[in-house]
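# Coordinate analysis (summary)
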Amino acid sequence: MKIKIFITLTILCFIAITVSSSSRLKYSINESWKFHKGDISTVAASVNDSLWQTVTIPHTWNTDDVMDDIRGYYRGIGWYSKKITLPASFQGKKVYLHFEGANQVTEVFINGSFIGKHIGGYTAFRFDITNYISIETENILSVKVDNSNNKDIAPLSADFTFYGGIYRDVYLIATNPVHFDMTNNASKGLLIQTPTVSTDNATVRIFGKVLNESNVIRKIKIISKIKDANRFLIKEIVSNIKLSPGMSMDIEQNEKMFTGYKLWSPENPYLYSISTQIVDATSGEIVDEVLNPLAFRFYRFDADKGFFLNGKPYKIIGVNRHQDYKLIGNALPDYLHLRDMELLKEMGANYIRISHYPQDEAVLEACDRLGILASIEPPMVNYITESDAFSTNIKNLLTEMIYQNYNHPSVIIWCLMNEICLNRPFRVNVTKEFDSIVPRELEYFKNVGKLAKEMNDIAKKIDPSRATMIANHGYYKTYKVAGLTDIPDVVGWNLYYGWYMDPINGLDSFLLKDHRVNLPTKPLMITEYGADCDTRIRSSHPLRYDYSVDWANRYHEYYLKTIQKYDFVAGGVIWNLIDFNSEGRDAAIPHVNLKGMLTQDRKPKDLYYFYQSKLLNTPVVKILPALCDKRSGVQDSLCPSVCTQRIWVYANIENVLLTANGKAIQKAESADGKTYFDVSFHDGKNTLVATINKDGQPYSDAQTVEFSLLPRMLNSTEMAFKPINIKCGAHYSYTDNMGQVWMPDQPYQKGSWGYIGGKMHIRSNKITPGEGKDIFGTSDDPLFQTQHVGACSYQIDVPQGEYEVTLYFAEILSKRDKEKMLNLLATEKDATLTTRIFNVNINGNSVIENLDVAKTYGESRPVVIKFPVSMSNTNGVKIDFEAVKGDPIINAIQVRRIY
């Protein structure tokens, strides 16, 4: 044991010596920062002041206010400060301060002296602090970060949250005076190209700049070592250089690879590596060293045949991804970035669109290693400012983005912008067809096109080897007018037929017209598609905009089949990998875009398993719906001990077997990898097991469901003490945050329950009142987002006993909503959308008089009122809603027996 300990200590000591005498030192300084929200009078303010709090980087100041019920979130200044003492080993070295990301304008000070400023919130930046920092004495590092809205900095607006703070790692880097370039847009200083790659030959180009910042002439060797995945040396390239004091020199090395090298692909992501060293020609000392990944792949886009990888047709099926996580905002540690890439790969996707901004370096490092094709884009979204400053800033961000991510072989596309014609600041004539473009707007579109052309030229100049792309929303005309369909190599379309646009089969019409008529010579990708879904909402009759998992399932099943059907579609990219924060968004979960394959805390939705069953070659079997371990329903008429409900199984192998509580269930129907079963659930715990078989090996998935069986006739003794939960005005069920299942609304049937009169909440393609409305003061927003409207009654035929009746109200139509609805329904002269005042009676007794929900409690506020009800007869509970002015409303009802 002592020998083992000694060996371990010896190894650790060796590593420590290697690090301390290394050519380049780099370590994070994320701990023990002080933070102050708001501006301060001096950069030398005491970090011990009570107004400062201790934080760890990554950090954002917007974790809480983006999810509260107050519109808007803090966009302003925050200060960070940290004490730093450099070791003696830094003496004589060049010292740099490296930020992986801070949003969005950052100013850095050391000991009160201004070091530098960076504009832009999503790329790395680096400052030379050699002449400002002291060795072996305490230094004060102060950082001012400002995420205020700035018309000259992209993004100007977007469907995501612009978190403020130092939200990525911060590093100190020390190099010897002779070193590779540290000032090239915070890149590694060396760029790697593979100018020619085919199935039988390839070339490698290594180029960059080396500097001698010492006061003597230096004779050096540039040695590049190419190693395979097992780190065995296979090629070594040597260049001899003589550098005068203060001299910088461009360097370039080229090498033809050996035959038999391995190509990189998502299925076989074989990575080589290149270690490039500066070696002192006299002493043999390694002066500086940079390590880069290396892979060999070749690809092209074709307008008729789609995408080709390594000479073969290859359908891209990928996802977009935001840097966001529940409760921590965008301040993700590296392992969460990495885990997202693992989840993407495990889903079967082969591509990621890093949207709508560059993300942590850990993302592309994982893509290289795991085998995920990638595109990346600067944060230019929705519209531009026609100013020199805006153009300069976005072109700088694009340049930084390309240099910083140049050496990642997973990157195949530089995407230049997203939906840049979505917001039209000079639009005058608002028509359904958007056909009217006035001269000022035409001028604006031309300026957008001019900027896009300049950005495309920058990308091609820096990196001619990769394709460029612009992602547009689905209105062809504006992008054609702006010239955006002509500029890039690939045109991307963000298409939401079946969600924002109707009907869903409009997808086929758009794609065929784009390919055959509009852009027959231009390769295309579907760069976004998706539908919001809340895992708490389920429906056997799903509708567009209802946020049900079931509509999202139908939507994605249709889109994937369509994408795979057309060869000319290079690929499709799901929006989004995750549910992510968008502070201004109303949804079933307010402030959250719910189109993810995963929830904010990375729980897979049904959709995730659907894609696994379609994209993975390994056996997949999954019982659906997922995240649905509580269900309820009314007993069957012929077999009252059970309730029969349909479940389904996604599998990529035929002949799925299902058992429920140990009993085999016959399949109801099967199509395209989806097998339906009608399962008879009994009251209490139910265990389902689905099994497939491949080559004699069984693969199974199990699901346990807690089922609440409700009697068909409520006035029977079987009613017991189970509550009746009614989600008024809804066609879907909802499981609340306490696990209670709320049943969809229904007309009254004798012996059961339901409404008499009134109508479901008003729906239309333009306005869907309530659904997606932020209900303040509750996390069960969907419970209040639908309602039954108009003079009506609810009859619940329960037996004699003592009950508690709970009524749930919320005014989900604001004054502005009502005005919109009145305009929309003007031909109907619907006067019910004015002030609502109504009475409520229970079993003929007045319980509420002249209730004006909006006036008394406010708009979008949950109102929950309980009433004790004693039943001495068999007439059940009858709740009447009587109009005084306008239409009465009721959002949910619970009837619970006490005795």
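Check the entry above for the structure.
Notes on the structure follow. (Residues numbered from 1 in each chain as written. Predicted model: local features only at pLDDT ≥ 70, side-chain atom pairs only at ≥ 80, totals over all residues. Heavy atoms only, no water.)

As a further point, take the environment of Leu 442. Secondary-structure assignment places Leu 442 in helix H5 (residues 439-462). In the structure, Leu 442 is positioned 172 residues away from Tyr 270 in sequence and 49 Å away in space, judged by C-alpha atoms. Apart from the residues lying within four places of it in its own chain, the contact partners of Leu 442 are Ile 437 and Val 481. (Helix = DSSP H or I, 4+ residues; strand = E, 2+ residues; numbered from the N terminus. Contact = heavy atoms within 4.5 Å.)

Time to look at helix H8 (residues 549-565). With 17 residues, H8 ought to run about 24 Å at 1.5 Å a step, and its terminal C-alpha atoms sit 24 Å apart, in line with that. Buried within H8 we find Val 549, Asp 550, Trp 551, Ala 552, Asn 553, Tyr 555, His 556, Tyr 559, Leu 560, Thr 562 and Ile 563. (Expected span 1.5 Å × (residues − 1). Buried < 20%, exposed > 50% of the residue type's maximum accessible area, 1.4 Å probe, protein only.)

With that settled, consider the nonpolar core. Ranked by internal contacts, the top residues of the largest apolar core, which has 121 residues, are Ile 352, Met 380, Ile 420, Leu 484, Leu 511, Tyr 555 and Tyr 611. The dominant element in this core, judged by the number of residues it contributes, is H5, at 8 residues. Here Leu 511 is in contact with Leu 495, Leu 524, Ile 526, Thr 562, Tyr 566, Phe 568 and Val 569, once residues within four sequence places are set aside. Judged by nonpolar contacts, the second largest core, of 35 residues, contains Tyr 755, Ile 796, Ile 842 and Phe 881. (Core = buried A, V, L, I, M, F, W, Y, C linked by side-chain atoms within 4.5 Å.)

Once that is clear, we can look at the sheet that holds strand S23 (residues 351-354). The 8 strands are arranged S22-S23-S24-S25-S26-S27-S28-S30 in a closed barrel whose pairing can be described as parallel. Direction aside, the axes of adjacent strands within the sheet are offset by 25 degrees on average. Sheet analysis places strand S22 (residues 316-321) next to strand S30 (residues 569-574), joined by 4 bridges and oriented parallel. Bridge pairing in S30 links Ile 317 to Gly 572. Running over the sheet, helix H4 (residues 388-405) touches strand S24 (373-376) and strand S25 (411-418) and is turned about 165 degrees from S25. (Pairing = 2+ DSSP bridges. Axes fitted to C-alpha atoms, helices over the stretch in contact; angles between N-to-C directions.)

Right, let's talk about unusual backbone geometry for a bit. Following Asp 502, the chain continues into Pro 503 via a peptide bond in cis, with omega recorded as 0 degrees. Looking at the element boundaries, Pro 503 is found in the loop between strand S27 (490-494) and helix H7 (506-518). Of note, the amide linkage connecting Trp 575 to Asn 576 takes the cis form, showing an omega dihedral of 20 degrees. On the secondary structure map, Asn 576 appears in the loop between S30 and strand S31 (580-581). Even without a glycine there, the phi angle at Ala 186 is positive, about 60 degrees. With respect to the element layout, Ala 186 can be found in the loop between strand S11 (178-180) and strand S12 (190-193).

Between two packed helices, what matters for the description is the angle formed by their axes and the separation of those axes. At their nearest, the axes of H7 and H8 sit 10 Å apart, and the two run at 25 degrees to each other. Considering the angle they form, H7 stands roughly parallel to H8. Handedness of the H7/H8 crossing: right-handed. For the pair H7 and H8, contact is made by Leu 507, Asp 508 and Leu 511 and by Tyr 558, Tyr 559, Thr 562 and Lys 565, respectively. Its residues assigned to classes, the contact of H7 with H8 comprises 4 nonpolar, 1 polar and 2 charged. (Parallel < 35°, antiparallel > 145°, perpendicular 65-115°, else oblique. Left-handed = near helix turned anticlockwise from the far one by under 90°. Nonpolar A, V, L, I, M, F, W, Y, C, P; charged D, E, K, R; others polar.)

In this model H7 runs just 16 Å from its N-terminal to its C-terminal C-alpha over 13 residues, more than 12% under the 18 Å that 1.5 Å per residue would give. Of the residues making up H7, those classed as buried are Gly 506, Leu 507, Asp 508, Phe 510, Leu 511, Asp 514, His 515 and Asn 518. Summarising the contacts, the buried residues of H7 are in contact with helix H6 (476-482), S27, strand S28 (524-528), H8 and S30.

A separate point is the pairing of S27. A regular strand places its side chains so that they alternate between the two faces of the sheet. For S27, a buried count of 5 out of 5 residues is recorded, marking the element as mostly surrounded by other parts of the structure. Going residue by residue along S27, you find Val 490, Gly 492 and Asn 494 tucked away on one face and Val 491 and Trp 493 tucked away on the opposite face as well. The pairing of strand S26 (residues 467-473) with S27 spans 5 bridges and is classified as parallel. Bridge pairing in S27 links Met 469 to Val 490. Considered for its hand, the β-α-β crossover made up of S26, H6 and S27 is right-handed. (Right-handed = clockwise from strand over helix to strand, strands pointing away.)

Turning our attention to the pairing of strand S40 (residues 684-694). Note that strand S36 (residues 657-660) and S40 share 4 bridges and pair antiparallel. Residue pairing for S40: Ala 660 is matched across the bridge by Leu 688. Sheet analysis places S40 next to strand S41 (residues 697-710), joined by 11 bridges and oriented antiparallel. Across the sheet, residue Thr 687 finds its bridge partner in S41, namely Thr 704. Linking two consecutive strands that pair antiparallel, namely S40 and S41, is a turn of 2 residues; a positive phi of about 55 degrees is found at Asp 695 within it.

What follows concerns the side chain of Asn 841. Checked against the element boundaries, Asn 841 lands in strand S48 (residues 837-842). By relative accessible area, Asn 841 is classed as buried at 11%. Within the structure, the side chain of Asn 841 is placed 3.0 Å from the side chain of Glu 882, a separation counted as a polar contact. Once residues within four sequence positions are removed from consideration, Asn 841 is found in contact with Ser 846, Val 847, Lys 878, Ile 879, Asp 880 and Glu 882. (Polar contact = N/O pair within 3.5 Å; in protein donor to acceptor, adjacent residues only side chain to side chain.)

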